[in-house]
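Coordinate analysis (summary)
Residues per chain are reported as follows:
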Amino acid sequence: MRHVISVLLENESGALSRVSGLFSARGYNIESLTVAPTNDPTLSRMTIVTIGSERRIEQIIKQLNKLVDVVRLTDLTEVQFIEREIMMVKVRAVGEGREELKRMTDIFRGRILDVTESSYVIELTGDDHKIAAFLDTLGAENIIEVVRSGATGIARGEKSLKV
Amino acid sequence: MELSGGEVLMEALKEEGVEYIFGYPGGAVLHIYDALYQQNSVKHILVRHEQAATHAADGYARSTGKPGVVLVTSGPGATNAVTGIATAFLDSIPMVVISGQVPSRLIGSDAFQEVDCVGITRPCVKHNFLVDSLENFASTIKKAFHVATSGRPGPVLVDIPKDLTTPDIKVPFEYPDHVEMRSYSPPELGHPGQIRKAVDLILSAKRPMIYSGGGVVLGDASEQLCALTRELGFPITQTLMGLGAFPASDKQNIGMLGMHGTYEANMAMHECDVLVAIGARFDDRITGEIEKFCPYAKIVHVDIDPASISKNVVVDVPIVGHVSQVLDAMVALVRESSRRPEQAELDSWWAQIKKWQDEDSLGYDKTADIIKPQAVVESLWRATKGDAYITSDVGQHQMWAAQFYGFDKPRRWINSGGLGTMGFGLPSAIGVQLAHPEATVACITGEASIQMCIQELSTCLQYNTPIKIINLNNRYMGMVRQWQEFGYEKRYSHSYMDALPDFVKLAESYGHVGMRIDKPGDVDDAIKEALSLTDRTVFMDFITDQSENVYPMIEAGKGHHEMRLNPWKEPA
Ligand SMILES: Cc1cc2nc3c(=O)[nH]c(=O)nc-3n(C[C@H](O)[C@H](O)[C@H](O)COP(=O)(O)OP(=O)(O)OC[C@H]3O[C@@H](n4cnc5c(N)ncnc54)[C@H](O)[C@@H]3O)c2cc1C
Ligand SMILES: Cc1ncc(C[n+]2csc(CCOP(=O)(O)OP(=O)(O)O)c2C)c(N)n1
Ligand SMILES: [Mg+2]
């Protein structure tokens, strides 16, 4: 199953490679991994999307917890949570297709960030389903370039991950 | 007090109560060596190869419970140390390694003798640090010792750029008296509810089995393990790493389990209905084929590392905590309770175990006219009254040492189990001997393994460590040869040790005593003679049976109940 794990780690050089090294050394899947500092400059927050059996996920969480740089973590998949990812996609936009693309972007609540005679750069935010659906709609033949931030996530309600 | 980086390190080591530091100098640590020269609280042991520094520190740690300390230079010094760091990591041995690094401003420039030491060692340390300022040096060392020795122990490396140890750059020195790390708090106390549940299960067992491991040695809980085992009257098996925590000579001990464990221990594993795993990690060498592992058992598992639990085998009652605390609590609950397992059931379980013991799975031909390696180990055991410190290398000799030297005390059996590092035996023995100057220390090795760190014979002379080297010389990488015999139709591909040195002359050239023994009748006397040379390192080259195999054995894909037994049988 797909799990979204949020990790607070010491904002120190090398902390990221401890996490990524753990995943490659133990052969765990990484679907995506994002990391950036938080409002507390001593902490980074990382979101890891991984896939595995329940036992595998349990090991991943235990092994992450074992890393000395990991301060706290939570498996968001266990609670109600919001997942967001940002994507920018450069698409071919010519002739009649231009209008259609604009309409689709509106329906998906995306934004057109850049326009040339033959292309658009569209920004879209959402979870992985929405992003996949949008890419589908665009059609592989029209896509010039895709860049995705990787998923970030946060629990709904009062629950929070902080020190 | 204002101190330079080198002096900070020396003061910090002194504060930590460090007795010995095992090392080898080089450019990046010259300032530190200069500070070392000007103090006299920490003794430095100059090895002949950095791998040996780590193994010696490791032997010191295993035999004392205190962390081993290593000092190496940047680049090749650090990479040479990696094997020993990984060895300590896989066996959870507390160790602090200080490595020099090129000056801060040169990091990342492919400077002379620069390697990314923190990067190279990351997967084989419990944690590591690159020191970024002299102000943080003392607190980093404090953290290093704390992390290395607490929770599940392990090696910690501190990489220190050369500019931070410059003699004329000084900072006020204050050694922290405690450590604050919000991201590190190893578990201590086992959950009382889980402990209760475990004891309930244990007291309801009909065919119980205690399976204990290195965690009991690491956690100094031998006394508690004995108390629980004796209170319950259960059979106990120990892993290679756990040997000695429960006395081998005790009737309740039914030997090691696993690939080369005894028939009775493995059969009892297969048939038991309650398995109590204590400080052991269900390594693949002990489980055999995982699908066939303990098919009838409910399993209790006590371990300080949550990640050890249900990693390889899913258990029924996990208890995360320090083994001595958890065992204390268990013993108290058992003593409080009036319940006991059904005595009749326990008796018939023991009767069954006796039958398996009658198989005499460690039996070997004692009448052969060629030296049997097992007989050498038994002779050593008799001559030392089972009370020596034994280090070992890796191979058949290691297994025979484990099978035939009955360890009655913890921290007496020093070997590389997890990584299986050939070359470990001699340098680790140096560390053990330094820690226990009056004790008998023997290194049971093979002619292939001993050559991997043979240069340390020179260190033995320099520091007068009177180790007794027992070389079980079968002219083969015996363990490799055995696998080739069983699995590759005796195609002995590159497992023959050709062009061996004359070990007697070799030992003599290093200033030691060399002995060559090739007759079974000479074994006892030779060992006695060697042991009588209490102030000399003695290299005993035993010419042993080349064709001897380690039995019994669980082969790949087999379960505990499918052991391959020695085809040789004691004539009736
Ligand atoms: C050639 C060769 C053959 C081998 N054959 C065998 C064999 O036949 N049988 C065998 O048993 N091994 C064998 N081994 C060794 C094997 O590879 C493993 O090293 C060994 O089985 C692991 O032992 P252990 O489970 O006791 O774990 P260890 O590696 O000693 O781990 C200790 C466990 O205890 C935990 N722990 C540590 N401190 C504490 C504490 N304070 N409180 C609670 N828990 C703690 C740790 O978290 C860890 O899970 C062989 C090795 C070699 C090289
Ligand atoms: C550094 C290292 N290289 C290779 C191996 C693989 N290996 C395991 S046992 C063994 C042979 C050991 O031979 P020897 O020391 O003579 O011991 P014997 O088995 O003959 O008793 C080898 C090569 C290892 N464990 N360690
Ligand atoms: Mg050999």
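To be clear, the structure that these remarks concern was listed above.
Residues numbered from 1 in each chain as written. Chains lettered and ligands numbered in written order. Predicted model: local features only at pLDDT ≥ 70, side-chain atom pairs only at ≥ 80, totals over all residues. Heavy atoms only, no water.

Turning next to the overall build of chain B. When helices and strands are counted, chain B shows 20 helices and 20 strands. Taking the principal axes of the C-alpha coordinates as reference, chain B spans close to 75 × 60 × 40 Å. With 572 residues in all, chain B has 60% of them scored as buried. Of the roughly 22200 Å² that chain B leaves accessible, carbon and sulfur atoms contribute 50%. Charge-centre separation for chain B: the mean point of 50 positive side chains lies 3 Å from the mean point of 71 negative side chains. (Helix = DSSP H or I, 4+ residues; strand = E, 2+ residues; numbered from the N terminus. Buried < 20%, exposed > 50% of the residue type's maximum accessible area, 1.4 Å probe, protein only. Areas by Shrake-Rupley, 256 points an atom, 1.4 Å probe, with all protein chains shown as cover. Lys, Arg positive; Asp, Glu negative; His and termini not counted. Charge placed at Lys NZ, Arg CZ, Asp CG, Glu CD.)

Residue and element names in this part refer to chain B. Protein-derived ligands of the magnesium ion (ligand 3) are Glu 447 (OE), Glu 447 (OE), Asn 474 (OD1) and Tyr 476 (O), with the metal-ligand distances lying across 2.1 to 2.5 Å. One can describe the donor arrangement at the magnesium ion (ligand 3) as irregular, given that its six donor atoms subtend angles of 52 to 177° at the metal. Of note, the donors binding the magnesium ion (ligand 3) are all from one chain and are spaced E-x26-N-x1-Y. An identical accessibility class is assigned to Asn 474 and Tyr 476; each is buried. (Donors = N, O, S within 2.8 Å, 3.2 Å for Na, K, Ca; no water. Tetrahedral: all angles 85-135°; square planar, octahedral: opposite > 155°, others 65-115°.)

Residue and element names in this part refer to chain B. Examined against the element boundaries, Ser 428 turns out to sit in helix α16 (residues 425-435). Relative accessible area serves as the criterion here: at 0%, Ser 428 is assigned to the buried category. There is a polar contact of 2.8 Å between the side chain of Ser 428 and the backbone oxygen of Phe 424. Here Gly 425 takes part through its backbone oxygen, which lies 3.0 Å from a polar atom of the side chain of Ser 428. Here Ser 428 is in contact with His 55, Ala 56, Gly 59, Thr 391 and Ile 414, once residues within four sequence places are set aside. (Polar contact = N/O pair within 3.5 Å; in protein donor to acceptor, adjacent residues only side chain to side chain. Contact = heavy atoms within 4.5 Å.)

Residue and element names in this part refer to chain B. Inspection of the region around ligand 2 gives 17 residues, with Gln 396, His 397, Gly 420, Ser 449 and Gly 478 positioned closest. Separating an oxygen atom of ligand 2 from a side-chain N or O atom of Ser 449 is a distance of 2.7 Å. A distance of 2.9 Å separates an oxygen atom of ligand 2 from a polar backbone atom of Met 479. Relative to its free-state accessible area of 590 Å², ligand 2 is covered by the protein chains to the extent of 77%. Breaking the shell around ligand 2 down by element, the ones donating at least two residues are α15 (396-404) and α18 (478-487). For the shell around ligand 2, the element with the most residues is α18, which contributes three residues. Considering only residue class, the shell around ligand 2 consists of eight nonpolar, eight polar and one charged. (Near = heavy atom within 4 Å. Nonpolar A, V, L, I, M, F, W, Y, C, P; charged D, E, K, R; others polar.)

So, on to a nonpolar patch on the surface. Side chains of Met 88, Leu 113 and Val 147 of chain A sit close together on the surface and give an oily, nonpolar patch of about 250 Å² of accessible area. Inspection of the secondary structure assignment puts Leu 113 of chain A in strand β6 (residues 111-115). (Patch = residues over 30% accessible without salt bridge, like charges linked within 9 Å, V, L, I, M, F, W, Y side chains within 5 Å. Salt bridge = Lys/Arg side-chain N within 4 Å of Asp/Glu carboxyl O.)

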